[in-house]
Amino acid sequence: MSDAGQVPEESTRDLLAGSRDVECFLCGRRDEDVKFYDPPFRVVRCKHCGMTYVNPRLSSERLHEMYQEEYWASDRAKEFGYASYLAERENYERTYRRRSTTIDRYRSEPGRVLDVGCAAGFFLSVMKAKGWQTSGVEISKPMVDYARETLGLDDVRHGDLTTLDIDEGGYDVVTMWDVIEHLEDPRAHLEAARRGLRDDGLLVLETQDVSSRFARLMRRKWQHYKHEEHLYHFEPATLGRLLDEMGFDVLENTPRHGGKYVSLNFVVERVGRIHPIMTTLASPLRLLGNRALYINLQDEMIVVAKKR
Ligand SMILES: [Zn+2]
């Protein structure tokens, strides 16, 4: 890894073309404590409001490009994207069936749900099976095609929530799974989500918790530090402040059901982040093939918030 000040390699220069340092998105100040450097990036915490974020930020064009084809079948998934998103379909569906019980506690009857950043549509297909009327929005064209063609979800639109025409006041629930940390402008998306909700509609949102015990234990090796794509690292206080500002009352924020069903192959790949030797040590697990296990590191927050 190059030291700060050294001339960056060509691939790094390409990556950084058009990137820029940004101020704290939550309070607008520019007064950061550096948590750690991972050149060319640094993870910083705002001295005023406690928001954790990444600097510099890649250009909007680069961020948009990133989520097209290669993100979903990435050959460097430790830093960026998924090794094989579609191959994990069964595990995602099991994960979402479990997460959807959070919604069942608030809505005993099926209604209309809009999933923002719905990817291949795995969550929506779970909700459809439960009798919900489903809509999705996704910026990645290959994922939209998969959701429509393979899962038969007819109302999945290609584009950005903030520029699409959505059915205002039409939804009982708007969901955002692993999405807000990727967005350049979370406020604009939350505002659009709010417009889509009926009065007293629910926003159900999941994102990683940088103040969790596991994040603090792992420090810079935490699996959610993926600087190209995870622009923000919320914690209950910063997320609560943002939601309040955007006109939502938080009803609950819990790591329960924040876990994931994962294949052993996925586990082997991810432990390599801690140290490359871990991949070798854990590789006999691959022999168990596609067997899945449920892992909850208690480092994700699932927030249920009501439109005020
Ligand atoms: Zn701040």
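In this report, the structure presented in the accompanying data block is examined. The model shown is predicted, which means the values in this text are computed figures rather than measured ones. (Residues numbered from 1 in each chain as written. Predicted model: local features only at pLDDT ≥ 70, side-chain atom pairs only at ≥ 80, totals over all residues. Heavy atoms only, no water.)

## Describing the overall build of the protein chain
In terms of regular secondary structure, the protein chain is built from 10 helices and 13 strands. Against the compact-globule benchmark of 19 Å for 308 residues, the protein chain has a radius of gyration of 19 Å, which places it among compact chains. Overall size of the protein chain, expressed as C-alpha extent along the three principal axes, is 55 × 50 × 35 Å. A sequence separation of at least 24 residues applies to 70% of the contacts in the protein chain between residues at least 6 apart. Looking at the protein chain as shown, the accessible area adds up to about 14500 Å², and 48% of this sits on carbon and sulfur atoms. Mean positive and mean negative side-chain charge positions of the protein chain (45 and 51 charges, respectively) differ by 5 Å. (Helix = DSSP H or I, 4+ residues; strand = E, 2+ residues; numbered from the N terminus. Rg over C-alpha atoms; globule rule 2.2 N^0.38 Å. Contact = heavy atoms within 4.5 Å. Areas by Shrake-Rupley, 256 points an atom, 1.4 Å probe, with all protein chains shown as cover. Lys, Arg positive; Asp, Glu negative; His and termini not counted. Charge placed at Lys NZ, Arg CZ, Asp CG, Glu CD.)

## With respect to the side chain of Thr-134
Examined against the element boundaries, Thr-134 turns out to sit in strand E5 (residues 133-138). Judged by its relative accessible area of 15%, Thr-134 falls in the buried class. Dropping the residues within four chain positions of it, Thr-134 is found in contact with Val-113, Leu-124, Met-127, Lys-128, Leu-153 and Asp-155. (Buried < 20%, exposed > 50% of the residue type's maximum accessible area, 1.4 Å probe, protein only.)

## Observations regarding the sheet that holds E5
What the 7 strands build is an open sheet, ordered E6-E5-E4-E7-E8-E13-E10; its pairing is mixed. The sheet is open, and its two borders are formed by strand E6 (156-158) and strand E10 (248-254), each paired with just one other strand. Strand-to-strand twist in this sheet, taken as the mean axis angle between neighbours without regard to direction, amounts to 20 degrees. Where E10 lies against strand E13 (residues 300-307), 6 bridges are found, and the strand directions are antiparallel. (Pairing = 2+ DSSP bridges. Axes fitted to C-alpha atoms, helices over the stretch in contact; angles between N-to-C directions.)

## A short note on the side chain of Ser-263
Summarising the element assignment, Ser-263 is placed in strand E11 (residues 260-263). Residue Ser-263 is classed as buried on the basis of its relative accessible area, which comes to 2%. A polar contact of 2.8 Å, which involves the side chain of Ser-263, links it to the side chain of Glu-88. (Polar contact = N/O pair within 3.5 Å; in protein donor to acceptor, adjacent residues only side chain to side chain.)

## As for a negative patch on the surface
A cluster of like negative charges, contributed by Glu-61, Glu-65, Glu-70 and Asp-75, occupies part of the molecular surface. Within the secondary structure, Asp-75 is located in the loop between helix H2 (60-66) and helix H3 (89-106). Taking relative accessible area as the criterion, Asp-75 reaches 75% and is therefore assigned exposed. (Patch = residues over 30% accessible without salt bridge, like charges linked within 9 Å, V, L, I, M, F, W, Y side chains within 5 Å. Salt bridge = Lys/Arg side-chain N within 4 Å of Asp/Glu carboxyl O.)

## Describing the environment of Val-271
As for its position among the elements, Val-271 is in helix H9 (residues 264-271). With relative accessibility at 19%, the residue Val-271 sits in the buried group. Each C-alpha atom, one on Val-271 and one on Gln-223, is 8.9 Å from the other, the two residues being 48 residues apart in sequence.

## A few points about the nonpolar core
If you look at the biggest cluster of nonpolar residues, it comprises 82 residues, and the most contacted ones within it are Met-51, Leu-190, Leu-203, Phe-234 and Leu-243. Residue contacts for Leu-203: discarding those within four places in its chain leaves Val-174, Met-176, Leu-190, Ala-193, Leu-197, Leu-243, Phe-248, Val-303, Val-304 and Ala-305. (Core = buried A, V, L, I, M, F, W, Y, C linked by side-chain atoms within 4.5 Å.)

## As for the coordination of the zinc ion
Distances from the zinc ion to its protein donors, Cys-24 (SG), Cys-27 (SG), Cys-46 (SG) and Cys-49 (SG), fall at 2.2 to 2.3 Å. Each of the 4 donor atoms bound to the zinc ion contributes to angles spanning 97 to 116 degrees, and the resulting shape is tetrahedral. Site description for the zinc ion: donor spacing in sequence, C-x2-C-x18-C-x2-C. Of this pair, Cys-24 sits in the loop between helix H1 (10-16) and strand E1 (32-38) while Cys-46 sits in strand E2 (residues 41-46), and the two are 22 residues apart along the sequence. (Donors = N, O, S within 2.8 Å, 3.2 Å for Na, K, Ca; no water. Tetrahedral: all angles 85-135°; square planar, octahedral: opposite > 155°, others 65-115°.)

## What about the packing of H3 against helix H4 (residues 122-129)?
At their nearest, the axes of H3 and H4 sit 8 Å apart, and the two run at 60 degrees to each other. If you check the angle between H3 and H4, you find them oblique. When the axes of H3 and H4 are compared, the crossing they make is right-handed. Seen from H3, the contacting residues are Arg-89, Tyr-92, Glu-93, Tyr-96, Arg-97, Ser-100 and Ile-103; seen from H4, they are Phe-122, Phe-123, Ser-125, Val-126 and Met-127. (Parallel < 35°, antiparallel > 145°, perpendicular 65-115°, else oblique. Left-handed = near helix turned anticlockwise from the far one by under 90°.)

## Here's the deal with the sheet that holds E2
Taken together, 4 strands build an open sheet; the order of strands is E1-E2-E3-E9 and the sheet is antiparallel. Lying at the two open borders of the sheet, with one neighbouring strand each, are E1 and strand E9 (232-233). With 2 bridges connecting them, strand E3 (residues 52-55) and E9 associate as antiparallel partners. Looking at the pairing, Thr-52 lines up with His-233 of E9.

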